[in-house]
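One-letter residues, chain by chain:
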Amino acid sequence: MMKNSLKLAVAASVLATPAMAANLENPLYMPTAGEFYSKTAAGLMVKVADSSDAHKLKGHDGATEFPIWRIQEDLGIGITDRIAIRGAFQYTHDADIDRKGLNHGRLGLIWRPIQTNDNIVLDVYADAHLGGINKMRGAYTATGFQYDNYSNGRWGADVGVRFGKTWSKLTTSAFVEVLKTFGSSNNVIEVSGLSVPVSGIGMVPVSMAGVPGEISVDLKSTTEINFGLNAFYQINDRWSWGAGFKYNHHADNGVKSLATDINYNPAYEALAKPAIDKLIAGLSDMNDGFDEYIVTLSVANQLTDNVQVALYGEYTFDTAHANSQNGTDVKAEVGVRLNLAF
C-alpha cells in the first residue's frame, strides 16, 4: 500500500512540475489564452548609400550613415489558444541624414485554424497598416525630394499566411503576405526654396507665384509583397538559435494630383501654373521603389520562465530604382532583444 502511495506521489509531483516556458524566438510562437508577450529590441545599424541617381544628385552616393539607432516592439495577448491580438512598431533615428520617426506599424489578429498531432501548424492573419499615424514630411528642392521622416502617410492592410512544422528540437516555417496601402494626401512637403521656370522671365521662386511654403499632394495606392523562411533550434531548456531570410518589395510611389489649393499671383498664374502642373505630372511615377533581401541570425538565453534575452545580427542586400533614397551598398545591424511573457 505504501509502495503504491509513493508511486502516486511521484507521478503527481511530475505532473505538477511547470513545463518549460514557450520560446518567444520560435517563429511559430503563439500565446495561449490570457498570455501577454512583449519583444523589445534595440539595434545599431550602419549604412553605405548606393549610387542611385537620387544619391548622386544630392552628393550622397557612397556616403556612410552611422550610427543609426533602431527600436522595435512586438507585443500581443492570447484571446484563445488559437487566436491572438498583436501589434508591431519600429522607430529609426538616422542623424547623418536628419531622418527619424516611426518606420513600421501594424495592429491586428492572428488565427491558427490548423494544428496537427505531428506538429504542423497553419496561421492566417490580418493587420492594419499604420503608416497614416504620422504625416509624410519632407522638402522638394533642386536636388529632388528630401525625407524628414520614415512615414508614407498612408493607411493600409496586411493579410498573410504562416505555416511550419516542428521536429523535436528543430522548427522550420515560412510566410507570405500582401500589403495594400490606400492613397491619401496625409503629407506635408516644403517647397519654399523651390523655383520654377517661367517663359520669358526665367526661374521664379514658387512663393512669388503664390504657392505656399508647404503643400500636400494626393499619393497613389500601392501593393507590396513580403515573404520569408525561418529555422529555429532549441538546444536545451535555456539556449536556442535562429536563422531567417526575408524578401520585402517596396513599390514605387506616385503622385495623382496637387491636394493644396493655390491662390496664384495673377501676374504669374498664366505662366507659373503650367510649370507647377508639369512638376506634379513628372511625379506621377517617382521610380523610387526598392527590394530588400534580409538575412538574420540570433542566439537566445531563457533566463527564467518569463524572461528571455536574445542577441541578433541582420544584413540586408537590396536593389533600388533610380530615384530611390533607400538603396545601399552596405546595410548591417546588430542588437539585443528582451522577451517577456506573462
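Residues numbered from 1 in each chain as written. Predicted model: local features only at pLDDT ≥ 70, side-chain atom pairs only at ≥ 80, totals over all residues. Heavy atoms only, no water.

## Comments concerning the sheet that holds strand 10 (residues 187-190)
Then comes step 1: A sheet is described by the order of its strands in space; here four strands give the open sequence 7-6-10-13, paired in mixed fashion. Of all strands in the sheet, those bounded by a partner on one side alone are strand 7 (144-147) and strand 13 (214-215).
Then comes step 2: Looking at chain direction, strand 6 (residues 136-141) and strand 7 are connected through four bridges and run antiparallel. Pairing of Gly 138 across the sheet is with Tyr 147, part of strand 7. (Pairing = 2+ DSSP bridges. Helix = DSSP H or I, 4+ residues; strand = E, 2+ residues; numbered from the N terminus.)

## Looking at the confidence of the model for the protein chain
Then comes step 1: Residues of the protein chain with pLDDT of at least 70 account for 94%, and the chain-wide mean is 91.
Then comes step 2: Predicted confidence for residues 5-20 stays below pLDDT 50, and this span has two contacts to residues more than four positions away or in other chains. (pLDDT = per-residue confidence, 0-100. Contact = heavy atoms within 4.5 Å.)

## A closer look at the nonpolar core
Then comes step 1: With 25 residues, the main nonpolar core has Ile 189, Val 191, Val 206, Val 211, Val 217 and Val 255 as its most contacted residues.
Then comes step 2: The set of elements that each furnish at least two residues to this core consists of strand 7, strand 11 (195-198), strand 14 (217-219) and helix 3 (269-281).
Then comes step 3: Broken down by element, this core gets its largest block of residues, four residues, from helix 3.
Then comes step 4: Apart from the residues within four sequence positions on either side, Val 255 is in contact with Val 217, Asp 218, Leu 219, Lys 220, Ile 280, Leu 283, Ser 284 and Met 286. (Core = buried A, V, L, I, M, F, W, Y, C linked by side-chain atoms within 4.5 Å. Buried < 20%, exposed > 50% of the residue type's maximum accessible area, 1.4 Å probe, protein only.)

## Thoughts on a nonpolar patch on the surface
Then comes step 1: On the surface, Phe 36, Ile 77, Ile 79, Ile 83, Ile 85, Leu 107, Leu 109, Trp 111 and Phe 342 cluster together into a nonpolar patch covering about 820 Å² of accessible area.
Then comes step 2: Listing elements by their share of the nonpolar patch, those giving two or more residues are strand 3 (83-94) and strand 4 (99-115).
Then comes step 3: Ranked by the residues each element gives to the nonpolar patch, the list is headed by strand 4, at three residues.
Then comes step 4: Turning to its location among the elements, Leu 107 is positioned in strand 4.
Then comes step 5: Overall, Leu 107 belongs to the partly exposed group, its relative accessible area being 45%. (Patch = residues over 30% accessible without salt bridge, like charges linked within 9 Å, V, L, I, M, F, W, Y side chains within 5 Å. Areas by Shrake-Rupley, 256 points an atom, 1.4 Å probe, with all protein chains shown as cover. Salt bridge = Lys/Arg side-chain N within 4 Å of Asp/Glu carboxyl O.)

## Describing the sheet that holds strand 16 (residues 239-250)
Then comes step 1: One closed barrel accounts for 12 strands, arranged 1-2-3-4-5-8-9-15-16-18-19-20; its pairing is antiparallel. The average undirected angle you get between the axes of adjacent strands in this sheet is 20°.
Then comes step 2: Relative to strand 16, strand 15 (residues 222-234) is paired through nine bridges, and the arrangement is antiparallel. The partner of Gly 228 across the bridge, within strand 16, is Lys 246. (Axes fitted to C-alpha atoms, helices over the stretch in contact; angles between N-to-C directions.)

## Some words on the environment of Asn 301
Then comes step 1: Tracing the chain through its elements places Asn 301 in strand 18 (residues 290-302).
Then comes step 2: The buried category is assigned to Asn 301, whose relative accessible area is 8%.
Then comes step 3: For the pair Asn 301 and Arg 238, spaced 63 residues apart in sequence, the C-alpha separation works out to 5.3 Å.
Then comes step 4: With near-sequence residues (within four places) excluded, Asn 301 lies in contact with Arg 238, Trp 239, Val 307, Gln 308 and Val 309.

## What about the environment of Ala 320?
Then comes step 1: Within the secondary structure layout, Ala 320 lies in strand 19 (residues 307-320).
Then comes step 2: Overall, the relative accessible area of 26% leaves Ala 320 in the partly exposed class.
Then comes step 3: It is 20 Å that separates the C-alpha atoms of Ala 320 and Thr 92, two residues lying 228 residues apart in sequence.
Then comes step 4: Residues in contact with Ala 320, not counting those within four places in the same chain, are Asp 50, Gly 289, Phe 290 and Gly 327.

## Let's talk about helix 3
Then comes step 1: The terminal C-alpha atoms of helix 3, which comprises 13 residues, lie 18 Å apart, in line with the 18 Å expected from a rise of 1.5 Å per residue.
Then comes step 2: Along helix 3, the residues that are buried comprise Ala 272, Ala 275, Ile 276 and Ile 280. Along helix 3, the residues classed as buried sweep out an arc of 140° about the axis, all on the same side. Residues of helix 3 that are exposed and point over 90 degrees away from its buried face: Ala 270, Lys 278 and Ala 281. (Expected span 1.5 Å × (residues − 1). Arc of directions from axis to C-beta.)

## Side note on the side chain of Gln 325
Then comes step 1: Along the chain, Gln 325 turns up in the loop between strand 19 and strand 20 (328-341).
Then comes step 2: A polar contact is formed between the side chain of Gln 325 and the side chain of Lys 58, at a distance of 2.9 Å. (Polar contact = N/O pair within 3.5 Å; in protein donor to acceptor, adjacent residues only side chain to side chain.)

## Quick word on the packing of aromatic side chains
Each aromatic ring pair is described using two quantities: the centre-to-centre distance and the angle formed by the ring planes.
Then comes step 1: One pass over the structure, following the stated rule, counts six aromatic pairs.
Then comes step 2: Centroid distance Tyr 29 to Tyr 37: 5.3 Å. Interplanar angle 85°. Geometry classified as edge-to-face.
Then comes step 3: Relative to Tyr 293, the ring of Tyr 247 lies with its centre 5.3 Å away and its plane at 45°, an arrangement referred to as tilted. Remark: Tyr 293 occurs in strand 18 and Tyr 247 occurs in strand 16; sequence separation between them is 46 residues.
Then comes step 4: Judged by relative accessible area, Tyr 247 falls into the buried class, the value being 14%. (Phe/Tyr/Trp six-rings, centres within 6.5 Å; stacked < 30°, edge-to-face > 60°.)

## With respect to the pattern of salt bridges
Then comes step 1: Enumeration over the complete set of coordinates arrives at 13 salt bridges.
Then comes step 2: For Arg 106, the salt bridge identified is with Asp 158, shortest N-O distance 3.9 Å. With Arg 106 in strand 4 and Asp 158 in strand 8 (residues 156-167), this pair connects stretches of sequence that are 52 residues apart. Taken as a pair, Arg 106 and Asp 158 share a single burial class, namely buried.
Then comes step 3: With a closest N to O distance of 2.9 Å, Lys 331 and Glu 292 form a salt bridge.

## Focus: the side chain of Ser 216
Then comes step 1: The topology assignment puts Ser 216 in the loop between strand 13 and strand 14.
Then comes step 2: For Ser 216, a relative accessible area of 17% puts it in the buried group.
Then comes step 3: There is a polar contact of 2.5 Å between the side chain of Ser 216 and the backbone oxygen of Asn 187.
Then comes step 4: Setting aside anything within four residues of it in sequence, one finds Ser 216 in contact with Ser 185, Asn 187, Val 188, Leu 258, Ala 259 and Thr 260.

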